[in-house]
Amino acid sequence: MADKSQKWQDARRAILDALNIRAEYEQLGVKFTGRDPTAKGWLYCHAVGRDDDNPSAGVNIGDGPLRGRYKDFKGTGKTVNLFDFAATIAGRFGGDWFEALKHYARIAGVSLPEGREELAADRLELFEPTVGMLTLYASRKPGVRAPAIQQLGGMGARWPKGLPAEKTNHLIAFPMYGSALLDLEPIGWHVVAANPAVKIRKYQGKDKQEQLVKTLTIGECGLMNVDGLNRLADAKVVNITEGVTDLLAGQSLQPPDGHVFISAGASSYHPKAEWMQHFSGKDVRIWFDVGDGDDAGQVAAAVWVTAMLPVAAAVRNVKLPLGKDGGKNDLRAWIVEGSRTYADLCTYAETFEPVQSSDAEAQVSVHDAILHSLGLLVIGEHEGTQKVEVFSERTKKSGTITDIDKLSVAKLIQFLGAEVVEEFVHDGKEAQPGKYQLKDVKNAIAAAASDKLFHGDEHLGSGVWEVEDHVVLVKSLEAGVLNGDYRVQQLHVPYFHGRVLDLSRASSDWFEVGQMSRTMAETAKIDYCWSVIHEAEALFAKWFWKYSRTPELIASLVPCTWLQTIWEWRPLVAITGGSDTGKSLIMEDVLPRLFGKLGFYALKPTEAAIRQHVHHHAKAILLDEFEADQHRAKILELFRTSSRGGSVIRGTADQRGAKFSLRHIPWVAAIELGLHRQADKNRFIVLELENIPPDRRGKITLPTPGQLSSLGIKLLCVGLRHYRRARELSGMLRGHQIDGVPGRVVESFSVPLGLRYALEGFDNTEACAQMTRFLADWDFGGQQSRDEFDLLHEIFTSEVLLEGGHRMTVSQLLNRDTRPMGADQALARVGIRRCGDDEERLFVCHRTVKKHFFRFGAEFHGQSIDQYLLRLEGAMRDRQRLGGKESLRGVSVPMTTIAKVFQDAIDTPTQSDEGNGYN
């Protein structure tokens, strides 16, 4: 249903369409000539109220929006509608235009809406300004001349009506016009206090404190300056100012023919598309403030540049020099400060090149400008919903807007803070200078979210991450980016190169940027790096290890754990030994302090608790007393996904599911680890403790908590300095074959040893030789594995790319509890298919699988994986079609055999209500 304002517009239009406009004006005393109307519908007549020998006015009898209007083409250029003409110029109906409207409605047979139509001007008591008013205002605003106020159409005004004299404001009101410019009456009024030393008082109701404002808009925002708009059609140069005092100062310079000043009053951020027709082919010069809060003036200027570029011959953003001490400056102050003339303004403006359409930095959309002013970042729309994720740069809070249409001022305050909302937002119907209507804020958020998708499971929480070859350190309220010279630069926005960063208070405040930068500078010296490593070795040498070189290994494992998300392969770490060997001292007092607030230390947690606590954060997982219980098997299953950085899919109540990604190097401690599955045994680096000699018991002294925390950050910085070469060496060492050492164990040791050998400066050959010597003392008899089992596990934990950019492991795609639509097609693309009639089998096209999963550097790269698969019980060569017409060669394995290998049935859910698969 149309609102009240629209109903009145429709009624007035119906009246004018039904009347004989010429006849009604003749009855009001207008004398027409015998000429036909112009193409635009103007019927020439003699002016009313002044003498003219030749017709110099007109009445519009056309069908457009000007129908029924009277306009004086000479003199003042005054234009009024039929109802105003009858009441104010012809002096009928007691001077009340509304009585005239009702009279013509009866003639036309049109029913009017209930009540009285309220026009913007009705709320102001307008009168011709006195000389005293004009002089007072001009004297208090240097650079403004009294005649300029009149040229802008300034009127004396009292507001509001109906209040006592002591609550009435004495104002100067400037008319604002819409797209029809002076052909229609003002659509609104921009008002200032007649005495600039006082502010306008807005009555807020009984027992409420009055609001004090500098300016006020009554009605709609529009274009200002009657003189400028009257000459706009013939102008070549158009100067656009931000505020009314700047406009008055420019007008006071008396711009010559072909040059005009205009302003948009209260809508600096809202140039309307329907206004742009009037600036076609003109040289537009934008004079907005510089140096104000959040650079608001220049943001608004960029909005106008964006609007003007498609129509204007040239658009110049004329940036004024900054004010005193680099502060704010505006056009009026700049004119006064240099006693500048209009010629000076032209000379200065021409030093700025016109903005080109390709200059994206100079352009800002209205929606972007609103969000900039609010400090509100729209991260994106939640996939598959209408929810929008947002972040406040001022409060450093992120949140979810569940329904933009129902967004309230109270909800905005919750996100942005009361001060920001009070300064920039209002929920009234009319424009307020410097503020946005709530509907505009909603539209800006919706527009920003329309082409951005937010994936909640892709949040990067607290920890160390690599994004587009940059290292990003995420913590609460800010992030740090490691730049090219290894300094940490602060980042306060919640995204970086397309990834969303969780800067909320849910992220730990685990490092200090200044300390990190200072320590990173120290790591430029290799002697410093070694001193840090040796300090860590000396710390862990306080315990009694089965293998003497274990402290060297741990000194490398700690920085590798800090950087756990960036490795291509991640080992699992286990500390094992008798009940009084010092395991808990390491797990409870040493490692948590080394990792500080990024550490997650727990006793006997459940698998679900780990997922919920770690969530999307790169925390160091430290689990003590990891003995056998009902939860350990599930936790080991979860940790198995971490080696390659896989994901776990779990069911949720809303049937959408949740994805949890694990890219961690967990540490566990137990008397016995219970590593029954081969897939678990060969993933762990097992650090075995011996009994403490009786004469040394209780004599292990630790550094202070502060010293341990400092050592932890120093180890992180050493890792950050050398991780690129370390990762390169680790990738090479993963494929190094050592007699008596399982290939998966070699992969796990390649990570810490890769970092150590990067510090040593070893080349690839020497690194391989050193690794062989390092592992010679280790006994891996309990970690030997069967190659075919390892191969099957590698295939099942490999990720497959789905439509939309999502990834799932092969096991998840095969699992009927987690498999999405299109799972069969996705598996077929990588060479896998479920088949068989009497006996269900899994077909593997070994050539296709090798191409997708075992590229250079992988354990099975270059090997005949079909030979390994044929070792599995019941396996046989086979041919199957994978979507094409041709049958492909491969190996099919009974699903029962696969179930035995993994000791789980693919289609059998766990005791929990969550989906389960081969992870």
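About the cut-offs
- Residues numbered from 1 in each chain as written.
- Predicted model: local features only at pLDDT ≥ 70, side-chain atom pairs only at ≥ 80, totals over all residues.
- Heavy atoms only, no water.
- Pairing = 2+ DSSP bridges.
- Helix = DSSP H or I, 4+ residues; strand = E, 2+ residues; numbered from the N terminus.
- Axes fitted to C-alpha atoms, helices over the stretch in contact; angles between N-to-C directions.
- Contact = heavy atoms within 4.5 Å.
- Parallel < 35°, antiparallel > 145°, perpendicular 65-115°, else oblique.
- Left-handed = near helix turned anticlockwise from the far one by under 90°.
- Core = buried A, V, L, I, M, F, W, Y, C linked by side-chain atoms within 4.5 Å.
- Buried < 20%, exposed > 50% of the residue type's maximum accessible area, 1.4 Å probe, protein only.
- Salt bridge = Lys/Arg side-chain N within 4 Å of Asp/Glu carboxyl O.
- Nonpolar A, V, L, I, M, F, W, Y, C, P; charged D, E, K, R; others polar.
- Polar contact = N/O pair within 3.5 Å; in protein donor to acceptor, adjacent residues only side chain to side chain.
- Right-handed = clockwise from strand over helix to strand, strands pointing away.
- Phe/Tyr/Trp six-rings, centres within 6.5 Å; stacked < 30°, edge-to-face > 60°.
- Lys NZ or Arg CZ within 6 Å of the ring centre and 35° of its normal.

## What about the sheet that holds strand 2 (residues 57-60)?
Okay, step 1: Spatial strand order, 1-2-3-4: four strands in an open sheet with antiparallel pairing. The two strands at the open ends of the sheet, each matched to only one other strand, are strand 1 (42-45) and strand 4 (79-80).
Okay, step 2: Pairing geometry for strand 2 and strand 3 (residues 70-72), over three bridges, is antiparallel. In the sheet register, G58 faces strand 3, and the bridge partner there is K71.

## What to know about the sheet that holds strand 29 (residues 572-576)
Okay, step 1: Reading across the sheet, the five strands line up as 30-31-34-29-35 and stay open at both edges, with parallel pairing between neighbours. Pairing within the sheet leaves two strands with one partner each, and these edge strands are strand 30 (599-603) and strand 35 (684-688). Ignoring which end each strand starts from, the neighbouring axes of this sheet average 20° apart.
Okay, step 2: Packing of helix 21 (residues 632-640) onto the sheet brings it into contact with strand 29, strand 31 (620-624), strand 34 (667-670) and strand 35, and relative to strand 31 it is tilted by some 155°.

## Examining the packing of helix 18 (residues 550-562) against helix 19 (residues 583-595)
Okay, step 1: Running from N to C, helix 18 and helix 19 point in directions that differ by 45°, and their axes come no closer than 11 Å. Classified by the interaxial angle, the pair formed by helix 18 and helix 19 is oblique. The interaxial crossing formed by helix 18 with helix 19 has right-handed handedness. Here V558, T561 and W562 of helix 18 come into contact with helix 19, specifically with L591, L594 and F595.

## Digging into the nonpolar core
Okay, step 1: Counting residues in each nonpolar core, the largest one holds 80 residues, and the members touching the most others are M516, V558, L591, W667, L687 and F749.
Okay, step 2: In terms of residue count, the dominant contributor to this core is helix 23 (residues 705-733) (twelve residues).
Okay, step 3: Excluding residues within four positions of it along the chain, W667 makes contact with I554, L557, V558, T561, V573, I575, M587, L591, I621, L622, L623 and L687.
Okay, step 4: V244, W287, W334 and I335 belong to the second-largest nonpolar core, a separate cluster that totals 32 residues.

## Let's talk about unusual backbone geometry
What is expected of a backbone is that most residues other than glycine have negative phi and most peptide bonds are trans.
Okay, step 1: Cis peptide bonds are those with omega within 30 degrees of zero, and the linkage from W159 to P160 qualifies with -5°.
Okay, step 2: With respect to the secondary-structure elements, P160 resides in the loop between strand 6 (155-159) and strand 7 (169-177).
Okay, step 3: Phi at N225 is positive, roughly 105°, even though this residue is not glycine.
Okay, step 4: The topology assignment puts N225 in the loop between strand 12 (223-224) and helix 7 (226-230).

## With respect to the pattern of salt bridges
Okay, step 1: Per the counting criterion, the structure on display carries 38 salt bridges.
Okay, step 2: The salt bridge involving R340 is made with E337; its shortest N-O contact spans 3.1 Å.
Okay, step 3: Its relative accessible area of 22% is what places R340 among the partly exposed residues.
Okay, step 4: Among the residues examined, E337 registers a relative accessible area of 58% and is labelled exposed.
Okay, step 5: Here the residues in one salt-bridge network are E568, R734, R744, E747 and E794, joined through shared partners.

## Details of the environment of V213
Okay, step 1: Inspection of the secondary structure puts V213 in strand 10 (residues 211-213).
Okay, step 2: We classify V213 as buried; its relative accessible area is 15%.
Okay, step 3: Here the alpha-carbon distance between V213 and K202, two residues eleven residues apart in the chain, equals 7.6 Å.
Okay, step 4: In this structure, V213 is in contact with K199, I200 and K202, ignoring residues within four places of it in sequence.

## Notes on the packing of helix 23 against helix 24 (residues 743-760)
Okay, step 1: Two numbers describe how helix 23 lies on helix 24: the axes approach to 7 Å, and their chain directions differ by 130°. In terms of orientation, helix 23 lies oblique with respect to helix 24. In this structure, helix 23 crosses over helix 24, and the sense of that crossing is right-handed. Of the residues in helix 24, those in contact with V718, G719, H722, R725, A726, L729, S730 and L733 of helix 23 are V746, S750, V751, G754, L755, Y757, A758 and L759.
Okay, step 2: For the contact of helix 23 with helix 24, the residue count by class is ten nonpolar, five polar and one charged.

## Comments concerning the environment of E350
Okay, step 1: Positionally, E350 belongs in the loop between helix 11 (342-349) and helix 12 (366-374).
Okay, step 2: Note on E350: relative accessible area 47%, which makes it partly exposed.
Okay, step 3: Separated by 43 residues in the primary sequence, E350 and A307 place their C-alpha atoms 21 Å from one another.
Okay, step 4: Ignoring any residue separated from it by four or fewer positions in sequence, one finds E350 in contact with R285 and R316.
Okay, step 5: Among the polar contacts listed, one links the side chain of E350 to the side chain of R285, at a separation of 3.4 Å.

## Re the pairing of strand 15 (residues 283-287)
Okay, step 1: Buried residues dominate strand 15, accounting for five of its five residues.
Okay, step 2: Residues D283, R285 and W287 point to one face of strand 15 and V284 and I286 to the other, with burial holding for every one of them.
Okay, step 3: With five bridges joining them, strand 13 (residues 237-241) and strand 15 adopt parallel strand pairing. Paired with T241 across the bridge in strand 15 is W287.
Okay, step 4: The parallel pair strand 15 and strand 16 (residues 314-317), bridged by helix 9 (residues 296-308), forms a crossover whose chirality is right-handed.

## Let's talk about the packing of aromatic side chains
Okay, step 1: Under the criterion given, the structure shown has 23 aromatic pairs.
Okay, step 2: For the ring pair Y348 and F352, a centre distance of 5.3 Å and an interplane angle of 70° mean the geometry is edge-to-face.
Okay, step 3: In textbook terms, an aromatic cluster arises when at least three aromatic residues are bridged by ring pairs, as seen for W287, W334, Y348 and F352.
Okay, step 4: Residue placement shows K475 over the ring face of F511; its charged tip is 5.0 Å from the ring centre.

Spatial relationships are all this shows, so hold off on functional conclusions.
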